[in-house]
Amino acid sequence: MERKLIKKALVSVYQKDKLDIIIKKLHAEGVEFISTGGTQTFIESLDIPCAAVEDLTGYPSILGGRVKTLHPKVFGGILSRRDLEQDNEQLAEYQIPEIDLVIVDLYPFEATVAAGADEPTTIEKIDIGGISLIRAAAKNFKDVIIVASQDQYQPLLEVLNANGAYSTVEERRWFAKEAFAVSSHYDAAIFNYFDGDDKSHFRLTQNNSKTLRYGENPHQRGVFFGKFEDMFEQLQGKEISYNNLLDIDAAVNLINDFDDITFAVLKHNNACGIASRPVLVDAWNAALAGDPVSAFGGVLITNAIIDKATAEEMNKIFFEVVIAPDYDLEAIEILSQKKNRIILILKNAKLQKQQMRTLLNGVLMQDKDLHTEVAGELKVVTEVSPSEQEVEDLIFANKIVKHTKSNAIVLAKNKQMCASGVGQTSRVDALVHAIEKAESFNFDLKGAVMASDAFFPFPDCVQIAAEAGVTAVVQPGGSINDQKSIDTCNEKGLSMVTTGFRHFKH
């Protein structure tokens, strides 16, 4: 396997962290350096000689630093094909040195945007020379190594430690691939800045990937793109799977809508039990009572610190994942008894504000459903108004139905979900399923409330709910038959409120 020797390196970086290790190692291997401005000063501060780009090109840095490396004597040395006689002759004619290694990073454009900088400042953070060096060196990977970010410092060190200043074409191709990942992400960020909310083209990139054991099923390949560790700290447990990630996402989105101490149990992205209580262990017991059968193997989440008493109760059943903002030490000791159990601390619940999915031959994108109704938004449309307790339960149930697969009905009482009807093709079927399930777990639905993710096209759901004992209903409204459902509520003595917001989830 042929290896190429690094003789000369061009180094031009914005961030100097860990650069000294690379420079010293290359210097020890006899590599010579060319650099610009601050990077040249940094290299020379290590007592290592470094030629200035200006001496090579014969031009100083101009236009306030906008033009430094954009010159044939730089790019010719990077792009020359070593095995092409014509290229070698031109290098000799114009006295252009071969450059075998390029180490560069880019101005922090994304960080500047995130900091809220004004447009002139932001525009100046669009890198020109750096991005051009990356593309040139990556294109000529047959002869040149490109290190386009600090993330590639360690892989470069591994190459240098293993083989000195020699590299294989396979190694250089890997660095080129990583470099194009950097440049494409950078360009996507710039485009999205200019595009704003227009959504004229779809550009989304993620720099971090994790290969999963498999996808939704064992015969499917699965990969997660993102920084899971930015949101969670995994205290113990097995490798997180594709399906775990779907449930974790659903769990975090659900719990984010609750301010009271709340515990939820999820299965296949839907809550099978959820309750709010002043004391966490009571919230857990009430959530589990909602469906102790489906809770087996589920994903558990709470917005409160898990204590010993709650952990002892939780530990009585098998579950795969638990998520909380923190845990008492005694709770950790109890929950960690099952070594495969995934225990997560939710460090940062900041979620994306847009959703997308592949569909047909394209991508479907929408704003996330971030609206959560409050009591002041409920419009009473019946002769009877809901009681204060019923209003609290209606808000509680409506939060759940928002995160439940359509068609969805949620029955709740005293801030405890009694049952839900999930993902049915008929809203009547969803309600009947919920009633049957509640009764199977011995819930008394007298005085319960009902939440629907969408309007009632006919009054049948209200009729069935009244017969089951439901006394208050929340729904978006908007059907041409709304009055029929309202009339039925009035006949049965039910209260009904509308929100004006549909919460389909498909």
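Model, not experiment: these values are computed from the prediction.

## Quick look at the nonpolar core
Membership of the largest hydrophobic core comes to 52 residues, with the highest contact counts inside it found for Val 11, Phe 33, Ile 78, Val 102, Ile 103 and Ile 146. The biggest single contributor to this core is helix H10 (residues 169-195), with seven residues. Beyond its immediate stretch of four places on either side in the chain, Val 11 contacts Leu 19, Ile 23, Phe 33, Ile 34, Ser 35, Thr 36, Thr 39, Ile 43 and Ile 103. Counting 41 residues, the second largest nonpolar core, distinct from the first, contains Ile 248, Leu 394, Val 474 and Val 497.

## Quick notes on the pairing of strand S16 (residues 354-359)
Examined bridge by bridge, S16 and strand S17 (residues 362-367) share six bridges and lie antiparallel to one another. Of the residues in S17, the one forming a bridge with Met 356 is Met 365. Hairpin geometry of S16 and S17 is characterised by an intervening segment of two residues between the two adjacent antiparallel strands and by a positive phi of about 50 degrees at Leu 360.

## Overview of the packing of aromatic side chains
A full pass over the atoms with the stated rule returns nine aromatic pairs. Taken together, a centroid distance of 6.3 Å and an interplanar angle of 65 degrees make the contact between Phe 109 and Tyr 186 edge-to-face. Of this pair, Phe 109 sits in helix H6 (residues 109-114) while Tyr 186 sits in helix H10, and the two are 77 residues apart along the sequence. Assigned by exposure class, Phe 109 and Tyr 186 land together as buried. Ring pairing ties together the aromatic residues Phe 109, Tyr 186, Tyr 193 and Phe 194, which thus form one cluster. Over the face of the ring belonging to Phe 319 we find Arg 341, whose NZ or CZ atom lies 4.0 Å from the ring centre.

## Looking at the sheet that holds strand S11 (residues 262-267)
Within the open sheet, the six strands sit side by side as S10-S15-S14-S13-S11-S12. Their pairing is mixed. Looking at the sheet topology across the chains shown, the edges are occupied by strand S10 (232-236) and strand S12 (270-276). Each neighbouring strand pair of the sheet contributes to a mean axis angle of 20 degrees, computed without reference to strand direction. Docked against the sheet, helix H12 (residues 242-255) engages S10, S11, S12, strand S13 (298-302), strand S14 (319-324) and strand S15 (342-346), running at close to 150 degrees with respect to S11.

## Notes on helix H9 (residues 153-163)
Of the residues making up H9, those classed as buried are Tyr 153, Pro 155, Leu 156, Leu 157, Val 159 and Leu 160. Among the residues trailing H9, Gly 164 stands out with phi positive, at a value near 65 degrees.

## So, the side chain of Lys 368
Positionally, Lys 368 belongs in the loop between S17 and strand S18 (379-380). An unpaired buried charge is present at Lys 368: no salt bridge exists, and Asp 249, the closest side chain of opposite charge, is 5.1 Å distant. At a separation of 2.7 Å, a polar atom in the side chain of Lys 368 contacts the side chain of Asn 253. Residues within four places of Lys 368 in sequence aside, it is in contact with Asn 253, Leu 351, Gln 352, Lys 353, Gln 354 and Gln 355.

## Details of the layout of surface pockets
Roughly 520 Å³ of volume is contained in the second largest pocket. Considering the residues around the second largest pocket, the lining is formed by 28 residues, among which Gly 65, Lys 68, Tyr 107, Asp 127 and Gly 129 are closest to the centre. Counting residues per element, the ones that place at least two in the lining of the second largest pocket are helix H2 (37-45), helix H7 (119-124) and helix H8 (129-139). By residue class, the composition of the lining of the second largest pocket is eleven nonpolar, ten polar and seven charged.

Rules used throughout
Residues numbered from 1 in each chain as written. Predicted model: local features only at pLDDT ≥ 70, side-chain atom pairs only at ≥ 80, totals over all residues. Heavy atoms only, no water. Core = buried A, V, L, I, M, F, W, Y, C linked by side-chain atoms within 4.5 Å. Buried < 20%, exposed > 50% of the residue type's maximum accessible area, 1.4 Å probe, protein only. Helix = DSSP H or I, 4+ residues; strand = E, 2+ residues; numbered from the N terminus. Contact = heavy atoms within 4.5 Å. Pairing = 2+ DSSP bridges. Phe/Tyr/Trp six-rings, centres within 6.5 Å; stacked < 30°, edge-to-face > 60°. Lys NZ or Arg CZ within 6 Å of the ring centre and 35° of its normal. Axes fitted to C-alpha atoms, helices over the stretch in contact; angles between N-to-C directions. Lys, Arg positive; Asp, Glu negative; His and termini not counted. Salt bridge = Lys/Arg side-chain N within 4 Å of Asp/Glu carboxyl O. Polar contact = N/O pair within 3.5 Å; in protein donor to acceptor, adjacent residues only side chain to side chain. 1 Å grid on protein atoms, 1.4 Å probe; cavity = no way out; pocket = protein on both sides within 12 Å on 5 of 7 lines; lining within 4 Å. Points joined across faces, edges and corners; volume = space filled by probe spheres on them. Nonpolar A, V, L, I, M, F, W, Y, C, P; charged D, E, K, R; others polar.

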